[in-house]
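The residues making up each chain are set out below.
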Amino acid sequence: MKKVRKAVIPAAGLGTRMLPASKSVPKEMYPVVDRPAIQFLVEEAVKSGITDILIITSRGKESIESYFDKNFDYNIKLSASGKTKELSELERIENLANIYFLRQKEAKGLGHAVLCAKNFVGDEPFAVLYGDDMIISETPVCKQLTDIWEEHGKPVVGVKEVPTEKVMKYCSLKTTPMEKEGLYDVSDMIEKPSREQIFSNFSILGRVVLPPEIFEILEKTAPGAGGEIQLTDAMAELSRKGGILAYDYEGKRYDMGSKLGFIMANIDVGLKHEETAEGLKEYLKSLKLD
Ligand code: UTP
């Protein structure tokens, strides 16, 4: 079974739920304590054995590219002022992986963004890390899924059980439990189902590992929910052909495209960060909440 070496991070969405801030700062660049959300995704991929990452961006998101590039002037200034710790952290980020960028010219949906990665992916399996889903876990979620790919040789989607109102906004999977705890066989799925169309409360949250065959399907996938080319519609076709697994991964997911998710991620990461943990704990305790 081919190892998963490549990952795609679609980050070209409009970010309308985070307006007005997202008008000029991409939501992927919002800081979680002291680093942009997208760095958590890149580090997760690298810790999962991924060596090549394609980030799909769009007009106005140039700051993502600059962040992973070398900034000579800044490095020289840090070096001159003896800030060696800060300098070595910047150099570490510059050298995390082979990071490539491609623009999606129009926001035609997540499926279309993934289709833009066709030439980058070639004939290999690949991971997709949905750009605004940050997940904190013991074992990187991407690794949890690539391990399943390597063991079973089938595409696998990361899932969680979510309340019905959320299923209707995300997607719903028709699942049958398998022997391994948390692993399911998927025979169908639907994007943004109505209440009557729901198969189960399992929704895909943030991570999938796919075979290159997905591109042929995406090329034929018509716009679906919201007039966008939906990745779920293409994965549904794969699942109906009997080829998809779902894994209820270990990890806490933050929807960084939503105001609440962004605040929750900052609180949870801030409570673990050595410079902020103590002060933040005291501050939270001091709040007189009803
Ligand atoms: P979302 O639907 O959550 O992101 O897409 P969005 O479109 O930015 O959200 P709102 O509703 O306008 O606030 C899931 C992921 O797919 C990417 C997004 O960047 C996000 O990471 N995406 C979505 C693309 O790359 N291209 C698209 O055309 C749509």
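Coordinates for the structure precede this section.
Computed from a predicted model, the values in this text were never measured in an experiment.

A separate point is the environment of Cys-142. Structurally, Cys-142 is set in helix 7 (residues 141-152). Judged by relative accessible area, Cys-142 falls into the buried class, the value being 2%. Residues within four places of Cys-142 in sequence aside, it is in contact with Glu-44, Ser-48, Ile-50, Ala-127 and Leu-129.

Our focus in this paragraph is the site of the ligand. The environment of the ligand is made up of 18 residues, and the closest members are Gly-15, Thr-16, Lys-27, Gln-104 and Gly-109. Taking Pro-10, its main chain carries an N or O atom lying 3.0 Å from an oxygen atom of the ligand. Contact distances for the ligand include 2.9 Å between an oxygen atom and a backbone N or O atom of Ala-12. When the ligand sits alone it has 570 Å² of accessible area, and the protein chains cover 83% of it. The residue makeup of the shell around the ligand, split by class, is seven nonpolar, six polar and five charged.

Time to look at the nonpolar core. By size, the foremost hydrophobic cluster in this structure holds 43 residues, and its most contacted members are Ile-53, Ile-55 and Phe-68. Membership of the second largest hydrophobic core comes to 36 residues, among which are Val-8, Val-114, Cys-171 and Ile-204.

Moving on: unusual backbone geometry. A cis amide bond, omega 5°, links Leu-19 with the succeeding residue Pro-20. Mapped onto the secondary structure, Pro-20 falls in the loop between strand 1 (6-10) and strand 2 (31-32). The residue Val-33 is not glycine, and still its phi comes out positive at about 60°. Within the element layout of this structure, Val-33 appears in the loop between strand 2 and strand 3 (35-36).

Within this structure, the stated rule accounts for zero disulfides. In this structure Cys-116 is not part of a disulfide, and its nearest cysteine sulfur, from Cys-142, lies 20 Å away. We classify Cys-116 as partly exposed; its relative accessible area is 24%. Distance from the sulfur of Cys-171, which forms no disulfide, to the nearest cysteine sulfur (Cys-142) is 18 Å.

What counts and what doesn't
- Residues numbered from 1 in each chain as written.
- Predicted model: local features only at pLDDT ≥ 70, side-chain atom pairs only at ≥ 80, totals over all residues.
- Heavy atoms only, no water.
- Helix = DSSP H or I, 4+ residues; strand = E, 2+ residues; numbered from the N terminus.
- Buried < 20%, exposed > 50% of the residue type's maximum accessible area, 1.4 Å probe, protein only.
- Contact = heavy atoms within 4.5 Å.
- Near = heavy atom within 4 Å.
- Polar contact = N/O pair within 3.5 Å; in protein donor to acceptor, adjacent residues only side chain to side chain.
- Areas by Shrake-Rupley, 256 points an atom, 1.4 Å probe, with all protein chains shown as cover.
- Nonpolar A, V, L, I, M, F, W, Y, C, P; charged D, E, K, R; others polar.
- Core = buried A, V, L, I, M, F, W, Y, C linked by side-chain atoms within 4.5 Å.
- Disulfide = S-S within 2.5 Å.

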